[in-house]
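Chain by chain, the residues:
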There are 2 protein chains.
Amino acid sequence: MITGLSHVSIAVPSLESAAKKLKELYGLTVTEAKVNEEQGVRLACVELPNARIELMEPSRPGSPIAKFLERNPGGGIHHFCLNVDDVAAARVELGRRGARVLGEGRDQRNVHGEHIAFVHPKDFLGALVELEQRAG
Amino acid sequence: MITGLSHVSIAVPSLESAAKKLKELYGLTVTEAKVNEEQGVRLACVELPNARIELMEPSRPGSPIAKFLERNPGGGIHHFCLNVDDVAAARVELGRRGARVLGEGRDQRNVHGEHIAFVHPKDFLGALVELEQRAG
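This one's a predicted model, so the numbers in the text were calculated from it and none came from an experiment. Along each chain, residue indices are assigned from 1 in the same order as the chain's sequence is written. Whichever chain is written first is A, and whichever ligand is written first is 1; the rest continue in order. This being a predicted model, a pLDDT of at least 70 is required before a residue's local features are given, and a value of 80 or more before pairs of side-chain atoms are given or counted; all residues contribute to the totals for chains, interfaces and linings. As a rule here, side-chain values come from all non-hydrogen atoms in the structure, and water together with hydrogens is ignored.

Asker: Got a sec to walk through the sheet that holds strand 6 (residues 108–109) of chain B? Specific residues and values, please.
Answerer: Residues and elements named next belong to chain B. Strand pairing is defined by DSSP finding a minimum of two bridges between the two strands. Secondary structure elements are taken from DSSP: a helix is a run of H or I of four residues or more, a strand is a run of E of two residues or more, and numbering for both begins at the N terminus. The strand order across the open sheet built from eight strands is 2-3-4-1-5-8-7-6, with neighbouring strands paired in mixed fashion. Here the strands that pair on one side only, and so sit at the sheet edges, are strand 2 (34–36) and strand 6. Pairing analysis gives eight bridges linking strand 1 (residues 2–11) to strand 5 (residues 76–84), with the strands arranged antiparallel. Along strand 5, the bridge assignment pairs H7 with C81.

Listed below in structure tokens is the structure:
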């Protein structure tokens, strides 16, 4: 079911200032931002050889990331993401095993068009975990 | 300086019950636990093909992980770890660039004997980030 670690995701108040800091301090390059209207986030990434660091800025007030930043104004780790071979199959199988997959069975896509789903933190040791199915 | 994503680390109240849950719900296998006395943690891992999920249980009251669990009794994401080619060199270079590396220049090792260091969350977008130098 789970095939690897896709990314760690950090909520930030500003993508631009986050990118500047990562470049200046660590020499890391952040990709161009894309907006996911459904989730209310602007996203950008650091591509490492084996995985990504994702940065998320709220694209509108009241979005889940905006609320996270109300509780953590400086930003912080929001979730991490595991690759799965098949999100729809994982959702069914996890439901059968007693893990709550959020979103009421609705098909969700990320900005790359890949199928995703989120597992309830209470069913992953207190961590918010995204499941992502590689495109193609 | 940074060569990849090593692991995501989750603080848990009990390694044994965490391992049981990850096996039952996700089919994931957790390695045998090791104790890091200096940090006051019992550690175990899920080895994924490209990176690890680390689980940390406090090995004594008052340790940093014990304090984290007082604030997050169900557990949660504690930090993530980036591979670097040389921890000592990274510490010097990051200090020069204005990032605070914790531990006052003291050489720290993980349970595998690898050199590690932690960056202050304020200097990594609110995330606690470990740096780890692969052995060998």
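Here the narrative resumes.
Asker: Run through the environment of A:E38, naming residues and quoting values.
Answerer: Residues and elements named next belong to chain A. Along the chain, the position of E38 falls in the loop between strand 2 (34–36) and strand 3 (41–47). Residues E38 and A88, 50 residues apart in the sequence, show an inter-C-alpha distance of 19 Å. Look past the residues within four positions of E38 in its chain and what remains in contact with it is R60, R106 and Q108. We call two residues in contact whenever any of their non-hydrogen atoms come within 4.5 Å of each other.

Asker: With reference to specific residues and values, describe the relation of the copies chain A and chain B.
Answerer: The copies were overlaid by least squares, fitting only the C-alpha atoms of residues that reach a pLDDT of 70 or more in each copy. The transform that puts chain A on chain B rotates by 180° and translates by 0.0 Å along the axis, for an RMSD of 0.0 Å. Seen this way, the second copy is the image of the first under a two-fold rotation axis. Taking C-alpha positions as the reference, the residue of chain A nearest the rotation axis is A:N50, at 3.1 Å.

Asker: Break down the interface of chain A and chain B for me, with residues and values.
Answerer: In this assembly, 43 residues from chain A lie in contact with 43 residues from chain B. Pairs of N or O atoms are called polar contacts if they sit within 3.5 Å, as long as, within protein, a hydrogen donor faces a hydrogen acceptor (for residues adjacent in sequence, only side-chain-to-side-chain pairs). Applying the counting rule to chain A against chain B returns 11 residue pairs in polar contact (both at pLDDT 80 or more). Every element with two or more residues in the side of chain A that touches chain B is listed here: strand 1 (2–11), helix 1 (15–26), strand 4 (52–58), strand 5 (76–84) and helix 3 (87–97) of chain A. Per-element accounting of the side of chain A that touches chain B gives the leading share, seven residues, to strand 1 of chain A. We call Asp, Glu, Lys and Arg charged. Ala, Val, Leu, Ile, Met, Phe, Trp, Tyr, Cys and Pro are nonpolar, and the rest, Gly among them, are polar. Here the residues of the side of chain A that touches chain B are counted per class, giving 27 nonpolar, 10 polar and six charged.

Asker: Help me get a handle on unusual backbone geometry, residues and values and all.
Answerer: Across residues other than glycine, the phi torsion is negative in most instances, and most of the peptide bonds are trans. Positive phi, normally seen in glycine, also occurs at A:L125, with a value near 60°. Residue burial is assigned from relative accessible area. The probe radius is 1.4 Å, only protein chains are included, and a residue is buried under 20% of its type maximum, exposed over 50%, and partly exposed in between. Among the residues examined, A:L125 registers a relative accessible area of 10% and is labelled buried.

Asker: Please provide a residue-by-residue account of the nonpolar core, values included.
Answerer: In this description, a nonpolar core means a group of buried Ala, Val, Leu, Ile, Met, Phe, Trp, Tyr and Cys residues linked to one another through side-chain atoms lying within 4.5 Å. Counting 68 residues, the largest nonpolar core has A:F80, A:F124, B:F80 and B:F124 as its most contacted members. Those residues in contact with A:F124 that lie beyond four places of it in its chain are A:F80, A:L82, A:V129, B:I10, B:L22, B:Y26, B:L28 and B:I53.

Asker: With reference to specific residues and values, describe the pattern of salt bridges.
Answerer: Residue and element names in this part refer to chain A. A pairing counts as a salt bridge when a side-chain nitrogen of Lys or Arg comes within 4 Å of a carboxyl oxygen of Asp or Glu. A full pass over the atoms with the stated rule returns 18 salt bridges over all chains. Salt-bridge contacts for D123 lead to R100; the nearest nitrogen and oxygen are separated by 2.8 Å. With a gap of 23 residues between them, D123 in the loop between strand 7 (115–119) and strand 8 (129–133) and R100 in the loop between helix 3 and strand 6 (108–109) connect regions that are remote in the sequence. Among the charged side chains, a network of salt bridges with common partners joins E16, R42 and E57.

Asker: Describe the layout of surface pockets, listing the residues and the values that go with them.
Answerer: Residues and elements named next belong to chain B. Its boundaries defined by the atoms lining it, the second largest pocket holds a volume of some 690 Å³. Buried and open spaces are told apart on a 1 Å grid over the protein atoms alone, a cavity being a set of points where a 1.4 Å probe fits but cannot get out and a pocket being an open set with protein on both sides within 12 Å along at least five of seven lines. Residues with an atom within 4 Å of a point are the lining residues. What lines the second largest pocket is a set of 31 residues, among which Q39, M56, H78, H79 and F118 lie closest to the centre. Of all the elements in the fold, those that place two or more residues in the lining of the second largest pocket are strand 2, strand 3 (41–47), strand 4 (52–58), helix 2 (64–71), strand 5 and strand 7 (115–119). Residue classes in the lining of the second largest pocket are distributed as 13 nonpolar, nine polar and nine charged. Grid points are joined across faces, edges and corners, and a volume is the space filled by probe spheres set on the points.

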